[in-house]
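What the coordinates show
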2 protein chains.
Amino acid sequence: MNVQTNAQTSRQPDTQPDPSFHVYDTTMRDGAQQEGLNLSVADKLVIARHLDDLGVGYIEGGWPGSNPKDTTFFARARAELELKHATLAAFGATRRAGTAAADDPLVAALRDSGASVVTLVAKSHDRHVELALRTTLEENLAMIRDTVSYLREHGQRVFLDCEHFFDGYRANRAYALEVVRTAADAGAEVVVLCDTNGGMLPHWVSEIVADVAESTGARLGIHAHNDTGCAVANSLAAVAAGATHLQGCINGYGERTGNADLVTSVANLELKLGQKVMPAGALREASRIAHAIAEVTNYPPSARQPYTGVSAFAHKAGLHASAIRVDPGLYQHIDPVDVGNDMRLLVSEMAGRASIELKGKELGFDLTDDPETLARVTDLVKQREQAGYTYEAADASFELLLAAEVEGTPPSFFDVESWRVITESHHAAGEEAPSEATVKLHAGGHRIVATGEGNGPVAALDHALRQAIERAFPDVASFHLTDYRVRILDESSGTDAGIRVLIETSDGATSWTTVGVGHNIVEASWEALLASVTYGLRHHGA
Amino acid sequence: MNVQTNAQTSRQPDTQPDPSFHVYDTTMRDGAQQEGLNLSVADKLVIARHLDDLGVGYIEGGWPGSNPKDTTFFARARAELELKHATLAAFGATRRAGTAAADDPLVAALRDSGASVVTLVAKSHDRHVELALRTTLEENLAMIRDTVSYLREHGQRVFLDCEHFFDGYRANRAYALEVVRTAADAGAEVVVLCDTNGGMLPHWVSEIVADVAESTGARLGIHAHNDTGCAVANSLAAVAAGATHLQGCINGYGERTGNADLVTSVANLELKLGQKVMPAGALREASRIAHAIAEVTNYPPSARQPYTGVSAFAHKAGLHASAIRVDPGLYQHIDPVDVGNDMRLLVSEMAGRASIELKGKELGFDLTDDPETLARVTDLVKQREQAGYTYEAADASFELLLAAEVEGTPPSFFDVESWRVITESHHAAGEEAPSEATVKLHAGGHRIVATGEGNGPVAALDHALRQAIERAFPDVASFHLTDYRVRILDESSGTDAGIRVLIETSDGATSWTTVGVGHNIVEASWEALLASVTYGLRHHGA
């Protein structure tokens, strides 16, 4: 560090370097580079609050000055955002070649952003300096030196992202190290080594980070992408080699294959390696927050996502159910509660009595003292799964089956007399083919005939059915289909094959999935639809 | 190895250990443990052919004897499956406690499976032996010794999966090592260390694999799960520490967070570390095959999936577009062609002319000297794929599109006036819901009205359509639907979502696939059906 910067720092106590480990989220900047992901200013404000609840140390909010949306975000954040834990960081680039930092409008936007931390991106790969920046290696160093110093002089803390660092190090180690030294000497608090193209493997990251730490003495950070499927492992390797600043995105969002998943990286550090990097207990909110942010981005996380995915602690119990009951720790790598997730047992064709008993308990049916019902349900599940049903993906249908066996009669709120659906197309008229359904049923003491239209036979049936029972069961108005999946069960015989339909329904607060099977896709859909409405009414106290 | 086994081996030249590196796929066994993933026998036969095309060394087909489906699969595989590269492996467990291997029906099913390789799963964690197997540590070793020896004596090669190995090693290193030694001494060619709960991190895997290799001298394999987001890194760590057998699943399918993604692991080994483990050039088919298998499982891979994901080489070009054009290598970690993927600039969408030209040539349309048509077709394909069509899986529809552009008018043999399909159910009568379709069209100079029934709206439409044109085009009698697939394109909006239908038709000699897209499933099916008949007539010289 040079003397001037040190002196500057000592006059600005609120910009003292944070001595602890940095957990730095870049969902709203680098994560938003993901194909198809677009965040409004309002989205960003919501996400920032969630990230703060999660307990991350730093939230990169965007690039003020580069587009009106990000400029507005920083203005509104200053006025509206009260963060409990996190510090908001503004992202931007070093000054343009051949200008002074003070004269660069983008640097001014960073200075005026209201963010106490600025993260500057700089080139550290010689070829990129020449080809993308079209300037000299020396001028690039000057750009870094000037911009860091300028922002430090204006009272901001500066982190510096070295773009394409690892590829740059391999192409020209001396220059890459010089970039790190220049940034640190100018007052950058952390120099972040970015695997921008994502091509690194963990052992390479280990070696390079260790060398950079030893050669420069700078405080280092890591920013990894998942192009080799190793973003998390690369982040851990960097931390083990001395990095004390970890960047990542919620749900692994990001360009191409995404950035390092922040929750997975942090959970590995805290729960596996005993390195406390977040407020105590913060990770217990991780699953809820990861899903809440997914609601905002409209990019649901993979069910298979480590730690927070809905399948992350789901077991096709079968053989091991009894052992799981005795010691669940033998079958899961951590206690799912530590990341706010749950163990789930899936009822599958391999299910034995033990797993059905466990599943029943989960749904509020204690079968421990009723071995006969338990045996009957187990047999029935096996028969049904043989016929093409699947209960592991259709909890609601399983609950209805269980309720029918335990209570002696299937849950039912109305009697269907008949239904019909017509789909018709007149090519000459050039119109889209609409579907029209008629349902005849008895509900609330009346015979009702209702007709519904829809963009397809199932939508039409859904509309007709809900219209028919709405007077007797007004709650049904809040139900709507949120997912519809079709699976052909035996593909050797085309459309005469068995068909399985899964329908997911939501009432705005919760959602549930039901299954139907038949030779006719419409019939299978109808079965799932009926079950969906029946389950919904049962839980709405009808 | 004990003497008896060695002697046995020398009399069985076809069971000699394979000296090279094993790439071992377990998609159809461990991958099928994924929540919601169910594979029919027909699915498995298709997947096995794809895996063989990909060039994997070993394909784990399932557990014969444990359920009728897997038993049937091995029987049909023996009769129908001709593999170019791969060896089929049967999965199963060591004999039950307290019986002889020869008396265990599940061991007999492995022996009789027709598979030259058997992969046995065994317990290697002391607590699991006691709690899940409910037997003694010594009996577990005897179960391993007996079962391996028995199958070796019957001429099969044996790999042994040590379940919960890493947790077991930490709990009781001596016993875990004893399991490895016992298996190797009994003649297991490879002992596979399984991170069954998926909780490992790469540096732990490195240390443990190195110790096991040194302590036992056994040939080792690795089987990793992704619960820490490190399945691929853990696999690479094991290989670096001496494992020469790598297990994984296509698209990272598997229970909970999935298994190690086989393509990502192999691509890292081959393209990053220069370790050739697959037939030369095989990875160039990886993206196509990963997506083709996803069509079978109906679980599309994440767009962000490393190497094969549709976004894996997609760039929001912006600032860097010109630099990317000058030197794309600066912006991607490998050449996407090496895994059969493409760089995409998101501003200009995919280019694709070269591949369309190539595909056209394959179908008999030479567009080399017709750049205008080529550009028009490329644009049209781009538009259509944007709307949800997929031509990769629907060659016949692509040919019709190409023919329309080259010949100036779409191939057509009849004019449809209208169609209608009714599906109806009378619950009181307890009957299955039949569908009835009426098609009105002009063919061979006549106006024809025909009605067909079927086990569903598409079957009914198919029957009505073929009946209507049969007099004018008798060949149509030989066409029949052999596959029908439905994919919901936007799952967030239930049955009002866009729907893609793929129909496969056969004339007994060859088969072809067509695609239809629409909001209404029946309408999308009709489009695919019409294309299917049109393509068939075109190739039958109508």
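These numbers were taken from a predicted model, which means no experiment stands behind them.

In this assembly, 94 residues from chain A lie in contact with 95 residues from chain B. Here the residues of the side of chain A that touches chain B sort into 36 nonpolar, 35 polar and 23 charged. Relative to strand β11 (residues 415–426) of chain B, strand β11 (residues 415–426) of chain A is paired through nine bridges, and the arrangement is antiparallel. Across the sheet, R420 of chain A pairs through a bridge with E424 of chain B, a residue of β11 of chain B.

With that out of the way, let us pick up helix α14 (residues 353–362) of chain A. Residue and element names in this part refer to chain A. With respect to burial, α14 is a largely interior element, seven of its ten residues being buried. All of the buried residues in α14 are A354, S355, I356, E357, L358, K359 and G360. One or two positions beyond α14, positive phi appears at G364, with a value near 95°.

Looking now at the packing of helix α2 (residues 41–54) of chain A against helix α3 (residues 68–80) of chain A. Residue and element names in this part refer to chain A. The N-to-C vectors of α2 and α3 enclose an angle of 45°; their axes lie 9 Å apart at closest approach. In terms of orientation, α2 lies oblique with respect to α3. The crossing of α2 and α3 is right-handed. On the side of α2, the interface is formed by V41, K44, L45 and A48, while α3 contributes K69, T72, F73, R76, A77 and E80.

Core analysis: the largest hydrophobic core is formed by 203 residues, its most contacted members being L160, A183, V191 and L193 of chain A together with L160, A183 and V191 of chain B. With sequence-adjacent residues up to four places away left out, L160 of chain B is seen in contact with L120, A122, I144, V148, A183, A188, V191 and V192 of chain B. Core analysis: the next-biggest nonpolar cluster, separate from the first, contains 105 residues, I356 of chain A together with F365, V421 and V476 of chain B among them.

Residues and elements named next belong to chain B. A large share of strand β3 (residues 87–93) lies buried, amounting to six of its seven residues. Relative to β3, strand β2 (residues 58–62) runs parallel, the two sharing four bridges. Bridging across to β3, G62 finds its partner in A90. Pairing of β3 with strand β4 (residues 117–123) involves five bridges; the strand directions are parallel. Note on β4: the bridge partner recorded for A90 is V118. After leaving β3, the chain enters helix α4 (residues 105–111) and then returns to the sheet as β4, a path that is right-handed.

Before going further, it helps to examine the sheet that holds strand β15 (residues 499–506) of chain B. Pairing between the strands of a sheet is mediated by backbone hydrogen bonds and can be parallel or antiparallel. All names here are of chain B. The strand order across the open sheet built from three strands is β14-β15-β16, with neighbouring strands paired in antiparallel fashion. Pairing within the sheet leaves two strands with one partner each, and these edge strands are β14 (480–488) and β16 (511–518). Here the strands of the sheet are splayed against their neighbours by 20° on average, with no regard to which way each runs. Bridge analysis of β14 against β15 gives eight bridges, and the strand direction is antiparallel. Counted as the bridge partner of I488 is I499 from β15. Helix α18 (residues 521–539) contacts β14, β15 and β16 of the sheet and is inclined by roughly 145° relative to β16.

Turning our eyes to something else, we now look at the confidence of the model for chain A. Any residue range with low pLDDT should be treated as having predicted coordinates unsuitable for detailed reading. All names here are of chain A. For chain A, per-residue confidence averages 88 on the pLDDT scale, and 92% of positions sit at 70 or higher. Counting contacts from residues 1–18, a segment whose pLDDT is below 50, to residues more than four positions away or on other chains yields 18 contacts. Predicted confidence is poor over residues 491–496, with pLDDT under 50, and the contacts of this stretch with residues over four places away or in other chains come to 21 contacts.

Within this numbering scheme, the UniProt entry marks residues 21–284 of chain A as carrying the feature "domain: Pyruvate carboxyltransferase" (unreviewed entry). Between the end C-alpha atoms of residues 21–284 of chain A there is a gap of 19 Å, over a span that is 44% helix and 16% strand.

Glancing now at the pairing of β15 of chain B. Within a regular strand, the side chains alternate between the two sheet faces. Buried residues dominate β15 of chain B, accounting for seven of its eight residues. Linking β15 of chain B to β16 of chain B, which pair antiparallel, is a turn of four residues; within it G508 of chain B sits at a positive phi near 95°.

What follows covers unusual backbone geometry. Residue and element names in this part refer to chain B. One non-glycine residue, R134, lies in positive phi territory at about 55°. Looking at where R134 falls in the secondary structure, it is placed in the loop between α5 (126–133) and α6 (137–153). We note that R256 has phi near 55°; this positive angle belongs to a residue other than glycine. On the secondary structure map, R256 appears in the loop between β8 (245–248) and α11 (262–272). Accessibility expressed as a C-beta count within 10 Å gives 27 for R256, which makes it buried.

Residues and elements named next belong to chain A. Pairing is parallel around the closed barrel formed by eight strands, whose spatial order is β1-β2-β3-β4-β5-β6-β7-β8. If you compare each strand with its neighbour and ignore which way they point, the axes differ by 25° on average. In this structure, strand β4 (residues 117–123) lies alongside strand β5 (residues 157–163), joined through seven bridges in parallel fashion. Its bridge partner being in β5, V118 is matched across the sheet by V158.

Calculation criteria
- Here the residue numbering is sequential within each chain, running from 1 through the sequence in written order.
- Chain letters and ligand numbers both follow the written order, the letters beginning at A and the numbers at 1.
- The predicted nature of this model means local features are confined to residues of pLDDT at least 70 and side-chain atom pairs, given and counted, to a pLDDT of 80 or more, with totals for whole chains, interfaces and linings taken over all residues.
- What counts as a contact is two residues whose backbone-derived C-beta atoms lie within 7 Å of each other.
- Throughout, the ten residues Ala, Val, Leu, Ile, Met, Phe, Trp, Tyr, Cys and Pro are labelled nonpolar, Asp, Glu, Lys and Arg are labelled charged, and all others, Gly among them, are labelled polar.
- Strands are labelled as partners when DSSP assigns at least two bridges between them.
- A run of DSSP states H or I qualifies as a helix once it reaches four residues; a run of E qualifies as a strand once it reaches two. Both are numbered from the N-terminal end.
- The exposure label follows from counting other C-beta atoms within 10 Å of a residue's C-beta, where the C-beta atoms are placed from the backbone and the thresholds are 20 or more for buried and 12 or fewer for exposed, leaving partly exposed in between.
- Only the stretch in contact is used when fitting a helix axis, every axis being a line fitted to C-alpha atoms; angles between N-to-C directions are given from 0 to 180 degrees.
- Throughout this description, any angle smaller than 35 degrees is read as roughly parallel, any larger than 145 degrees as roughly antiparallel, any in the 65 to 115 degree range as roughly perpendicular, and the remainder as oblique.
- Whether a crossing is left-handed or right-handed is set by the direction in which the near helix is turned from the far one by less than a right angle, anticlockwise for left-handed and clockwise for right-handed.
- Buried Ala, Val, Leu, Ile, Met, Phe, Trp, Tyr and Cys residues whose C-beta atoms connect them within 7 Å together make up a nonpolar core.
- A crossover gets the label right-handed when its path from the first strand over the helix to the second runs clockwise, viewed with the strands pointing away from the viewer.
- pLDDT gives the predictor's per-residue confidence on a scale running from 0 to 100.
- UniProt positions are given in the numbering used here, feature names are shortened, and annotations may be inferred rather than shown by experiment.

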